[in-house]
Amino acid sequence: MKETILAKFAEVFGDDKEARAYFAPGRVNLIGEHTDYNGGHVFPCALTIGTYGVARKREDSKLRFYSMNFENLGVIESSLEDLKPYKEADWTNYPKGVMWAFQEKGMQIPCGMDLLLNGNIPNGSGLSSSASVEVLTGFILRDMFGFDVTNQDLALIGQFSENKFNGVNCGIMDQFAIAMGKKDHAIFLDTADLSFEYAPISLEGAKIVIACSNKKRGLGDSKYNERRSECEQALAEIQSVKKIATLGDLQEAEFEEVKSAIDSDIRTKRAKHAVYENQRTMKAVAALKANDITAFGQLMNASHVSLRDDYEVTGIELDTLVEEAWKVEGVIGSRMTGAGFGGCTVSIVKDEAIDTFIAQVGKAYEAKIGYAADFYVVEIGDGPSVL
Ligand code: GLA
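Residues numbered from 1 in each chain as written. Predicted model: local features only at pLDDT ≥ 70, side-chain atom pairs only at ≥ 80, totals over all residues. Heavy atoms only, no water.

Draft legend 1. Focus on the overall build of the protein chain. Summing up its helical and strand segments, the protein chain has eleven helices and 13 strands in all. The globule rule puts the C-alpha radius of gyration for 387 residues at 21 Å, and the 21 Å found for the protein chain is close to it. If one aligns the C-alpha atoms of the protein chain with their principal axes, the spans along those axes are about 60 × 50 × 40 Å. By residue count, 59% of the 387 residues in the protein chain fall in the buried class. Residue pairs at least 24 apart in sequence account for 71% of intrachain contacts in the protein chain once pairs closer than 6 positions are excluded. Taken as a whole, the protein chain presents about 15,700 Å² of accessible surface, with 48% of it coming from carbon and sulfur. A gap of 1 Å separates the mean positions of the 41 positive and 57 negative side-chain charges of the protein chain. (Helix = DSSP H or I, 4+ residues; strand = E, 2+ residues; numbered from the N terminus. Rg over C-alpha atoms; globule rule 2.2 N^0.38 Å. Buried < 20%, exposed > 50% of the residue type's maximum accessible area, 1.4 Å probe, protein only. Contact = heavy atoms within 4.5 Å. Areas by Shrake-Rupley, 256 points an atom, 1.4 Å probe, with all protein chains shown as cover. Lys, Arg positive; Asp, Glu negative; His and termini not counted. Charge placed at Lys NZ, Arg CZ, Asp CG, Glu CD.)

Laid out in structure tokens, this is it:
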């Protein structure tokens, strides 16, 4: 890959003298969905697929961007004096947002750059291609200009840029999983205080399989923001009767005691998901530590049911993938992953069942939905690196 992207960089930007190549992963969340903006726990891991980039400083303040995933868009230009989101600027609003965020945080970028990207995360799949681009950009800025920021800072800067520059009120999970990724480990992160622990994932005789619904998120971002504000409102209602800082502070029984303070059935369901999913995530990590992968899988299944019935972020495509997966012998657990409304499912499948899983779920999906899903057997990889 390094040779391919350097060669393309030379073709697009003249030559590749003094250009450096980089990588940042994508992520998949094993359990703990829609908990990261509710002060709860998440359990994601970085993948070996992600975004490759080549970058080089310029002598002026111009920014020139090129993506091998959107070759039809050609070179998109901007400058450090004009770091604003524009619709026509398309994907470049992500790297530009991170540059803007560095400047907002007092780190002045001294000169422009040429940047080429090539990602192998299926686009719009919910495996965090945008967070991958954000962390990659921050990593490049640090490498190029020596800014004094940790990988955890890169995650926070990425989230800040997505919230404030790109207008999506995402939590910290994606950027954190990507910036802090560790091969063969998932990250058990408490989003209330960012304390975390690496948990080894050694699925003896099984693998992580991602099924991509090929349904684009579409209106997902606005629905995402809507869920977030429903939870915020439910929290405020509960706070009128009980002193808590976030929904993540509540155990299931405590929630049942105070839920009548929430003045809407919909918001009660949303808050219930946030509370129960957080508790499920803690139980799932405990099960994994006890080597009880069956219990882990059952908690994944329960997570999907809650996202389908209470949080209502699945839809026929994700439900079909998961419900068909549950029918296959050798599937330990299966659920939607990421924001929902399209995107992917994550399943843990025994090695000997993987071919059947892909054939059977793929066939049933296409018959019901009318187009095909894509399947990826993935590996857990490290965070960003210089190639
Ligand atoms: C998206 C957001 C994350 C998280 C998930 C849902 O991926 O970017 O912050 O909220 O959805 O768990």
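Draft legend 2. Representation of the site of the ligand. Near the ligand the following residues occur: R27, E33, H34, D36, Y37, C170, G171, M173, D174, Y224, G338 and A339. The separation between an oxygen atom of the ligand and a polar side-chain atom of E33 is 2.6 Å. One of the backbone N or O atoms of H34 is found 2.7 Å from an oxygen atom in the ligand. With the chains in place, 95% of the 300 Å² that the ligand exposes on its own is no longer accessible. Broken down by class, the residue content of the shell around the ligand amounts to five nonpolar, three polar and four charged. (Near = heavy atom within 4 Å. Polar contact = N/O pair within 3.5 Å; in protein donor to acceptor, adjacent residues only side chain to side chain. Nonpolar A, V, L, I, M, F, W, Y, C, P; charged D, E, K, R; others polar.)

Draft legend 3. Representation of helix α9 (residues 293-309) within the structure. With 17 residues, α9 should reach 24 Å at 1.5 Å per residue; the first-to-last C-alpha distance of 25 Å fits that figure. Taken as a whole, α9 has its buried residues at A295, F296, G297, L299, M300, N301, S303, H304, S306 and L307. Contacts made by the buried residues of α9 are with α8 (265-289), α10 (316-327), β10 (331-337) and β11 (344-350). (Expected span 1.5 Å × (residues − 1).)

Draft legend 4. Focus on the packing of aromatic side chains. Using the criterion set out here, one finds 16 aromatic pairs in the structure. Between the aromatic rings of F9 and F13, the centroid separation amounts to 4.9 Å while the plane-to-plane angle is 50°, which identifies the pairing as tilted. Residue F9 and its partner F13 are located together in helix α1 (residues 2-13), separated by four residues, close to a single helical turn. Taken individually, F9 and F13 each receive the classification buried, so the pair is uniform in this respect. (Phe/Tyr/Trp six-rings, centres within 6.5 Å; stacked < 30°, edge-to-face > 60°.)

Draft legend 5. Examining the environment of G362 more closely. Of note, G362 is situated in helix α11 (residues 354-369). Taking the C-alpha atoms as reference points, G362 and A55, 307 residues apart in sequence, are found 39 Å from one another. Sequence-distant contacts of G362, that is, excluding residues within four places in its chain, are made with F357 and F375.

Draft legend 6. Inspection of the packing of α9 against α10 at higher detail. Packing of α9 against α10 leaves a shortest axis separation of 12 Å and a crossing angle of 150°. With respect to α10, the axis of α9 lies roughly antiparallel. Handedness of the α9/α10 crossing: left-handed. Contacts between α9 and α10 involve N301, H304, V305 and R308 from the former and L318, D319, V322, E323 and W326 from the latter. Grouping the constituent residues of the contact of α9 with α10 by class yields four nonpolar, two polar and three charged. (Axes fitted to C-alpha atoms, helices over the stretch in contact; angles between N-to-C directions. Parallel < 35°, antiparallel > 145°, perpendicular 65-115°, else oblique. Left-handed = near helix turned anticlockwise from the far one by under 90°.)

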